[in-house]
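Now for the letters of each chain:
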Amino acid sequence: MKKSSAKTATTWPYPVSKQFYKKLLQKAELIFRDIGQGPQWVSALIPFIERYFDDRERPSPQADLSIRIVFASLRPDIDRAIERSAKARQRAIEHRKRKNITDKKENTGKQQPKTLTDAMTLSPPGSLGKQPMPQSAIQTFSDLTVLASKLNHRLRSKSIHTF
């Protein structure tokens, strides 16, 4: 199963995959060649395909006969791809919802340690050093270390000896 890549600033505007769209245009080119038209007709067909994606609007009877023939031959594939993509998007939404619910259930009821002492007391007996320390405890420990260092520096600067 492929992992989706990070989203870019521009999103794909069509209700079908890029792969399907590319294959659709290749198929249109083959059909145009088969009916005796050149591959340049594909560029004339694209606005009709995009309009169908947006509004399910078919080419009007005034459109060129070649456009209407090729569009009619591609429309069942387009309809199946739109339906398949919509189902895939719905499954992805449901999967994300289930994952979020699972993540929330796992985090519910768990105490997050606020200090190093809390981290040590919240750890099961015998687990210290075996499990990674929670991030909040590490941050607290770092803060305490910095604070102790500053305090030590102040005490030394006032000629007070520390242990």
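One can find the structure itself at the top, above this paragraph.
Residues numbered from 1 in each chain as written. Predicted model: local features only at pLDDT ≥ 70, side-chain atom pairs only at ≥ 80, totals over all residues. Heavy atoms only, no water.

I'd like to hear about the overall build of the chain, residue by residue, with values.
From N to C terminus, the chain includes five helices and zero strands. Listing each helix as α and each strand as β along the chain from the N terminus yields α-α-α-α-α. Looking at the 163 residues of the chain, the share that counts as buried comes to 21%. The contacts of the chain with a sequence gap of at least 6 include a subset with a gap of at least 24, amounting to 53%. (Helix = DSSP H or I, 4+ residues; strand = E, 2+ residues; numbered from the N terminus. Buried < 20%, exposed > 50% of the residue type's maximum accessible area, 1.4 Å probe, protein only. Contact = heavy atoms within 4.5 Å.)

Pulling in residues and values, what's your account of helix α1 (residues 18-34)?
Compared with the 24 Å implied by 1.5 Å per residue over 17 residues, the 24 Å span of α1 between its first and last C-alpha is a close match. For α1, every residue scored as buried is listed here: Phe20, Tyr21, Leu24, Leu25, Ala28, Ile31 and Phe32. On an axial view of α1, the arc spanned by its buried residues comes to 135 degrees, and they lie on one face. Away from its buried face, by an angle of more than 90 degrees, α1 presents the exposed residues Gln19, Lys22, Leu30 and Asp34. A positive backbone phi angle near 90 degrees is found at Gly36, which sits one or two residues after α1. (Expected span 1.5 Å × (residues − 1). Arc of directions from axis to C-beta.)

An account of the side chain of Ser66 is needed here, citing residue identities and associated values.
The topology assignment puts Ser66 in helix α3 (residues 65-107). Classification of Ser66 as buried rests on a relative accessible area of 8%. In this structure the side chain of Ser66 is engaged in a polar contact, spanning 3.2 Å, whose partner is the side chain of Gln37. Residue contacts for Ser66: discarding those within four places in its chain leaves Phe32, Ile35, Gln37 and Trp41. (Polar contact = N/O pair within 3.5 Å; in protein donor to acceptor, adjacent residues only side chain to side chain.)

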